[in-house]
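Structure assessment
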Amino acid sequence: MNDTHKLIQVLSTDRLIMREWQDSNLSSLYQMVSDPDVMKFFPSVLSEAEAQDFLKGIQERMNQNGWGLWACELKATQEVIGFVGLNIPKDDFYFNPCVEISWRLRKEFWHQGLAQEAAREALKFGFTKLNLDKIVAFTTVTNLPSQALMARLNMVKNAQHFNHPRLAKDHPLAEHVLYELSKDSWLNHQK
């Protein structure tokens, strides 16, 4: 084992185990990232090869940090339903350096509070174990479902919109909104 490999944190909620991704989870990931409904607010669905590259990237970052975009597994069935977790963006954002919270679930698991349940646990981990001062989230201005979840997580919308650096300025998904949650605000909502 090389010295950059860290012990991977496993989190647990009432209904979910948040754990590292295994190669055997590729079919579940591919099912999600190839679904046009799930990928509506992303530039395109992913091919099987792109899904495999995405999985390898998630696994590499998790091995480097010990945390990342956790595979969310239902305790009741051991089925992987998507991911929720923390990530250090590689893109050149005006609000860097930062840690973002991110989520994506297979559509049959939408509207059950699972993303919120896992996101609350990821925020707790970020603020208590990583001792972060702030966690951000961002999405395209048209992604109202994710923005609603950001608001339910007590994240505050920044008035300044920005264009995603990987998208052309005239791309329909280019304009993004930023939400932020400070550790102090998070702590105040825990009382």
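Cut-offs and rules
- Residues numbered from 1 in each chain as written.
- Predicted model: local features only at pLDDT ≥ 70, side-chain atom pairs only at ≥ 80, totals over all residues.
- Heavy atoms only, no water.
- Phe/Tyr/Trp six-rings, centres within 6.5 Å; stacked < 30°, edge-to-face > 60°.
- Helix = DSSP H or I, 4+ residues; strand = E, 2+ residues; numbered from the N terminus.
- Buried < 20%, exposed > 50% of the residue type's maximum accessible area, 1.4 Å probe, protein only.
- Lys NZ or Arg CZ within 6 Å of the ring centre and 35° of its normal.
- Salt bridge = Lys/Arg side-chain N within 4 Å of Asp/Glu carboxyl O.

With that out of the way, let us pick up the packing of aromatic side chains. As enumerated under the stated definition, the model contains 11 aromatic pairs in all. For the ring pair Phe 95 and Phe 162, a centre distance of 5.2 Å and an interplane angle of 70 degrees mean the geometry is edge-to-face. In this pair, Phe 95 is assigned in the loop between β4 (80–87) and β5 (100–105) and Phe 162 in strand β8 (residues 162–163), connecting sequence segments 67 residues apart. A relative accessible area of 8% places Phe 162 in the buried class. Counting every residue linked through ring pairs, the aromatic cluster contains Phe 93, Tyr 94, Phe 95, Phe 138 and Phe 162. Positioned above the aromatic ring of Phe 42, the side-chain terminus of Arg 104 is 4.0 Å from the ring centre.

On to the pattern of salt bridges. Evaluated as defined, the whole model comprises 9 salt bridges. With a shortest N-O distance of 2.7 Å, Glu 117 and Arg 15 are connected by a salt bridge. Remark: Arg 15 occurs in the loop between β1 (11–12) and β2 (16–19) and Glu 117 occurs in helix α3 (residues 114–128); sequence separation between them is 102 residues. The buried category is assigned to Glu 117, whose relative accessible area is 17%. What makes Arg 15 partly exposed here is its relative accessible area of 34%.

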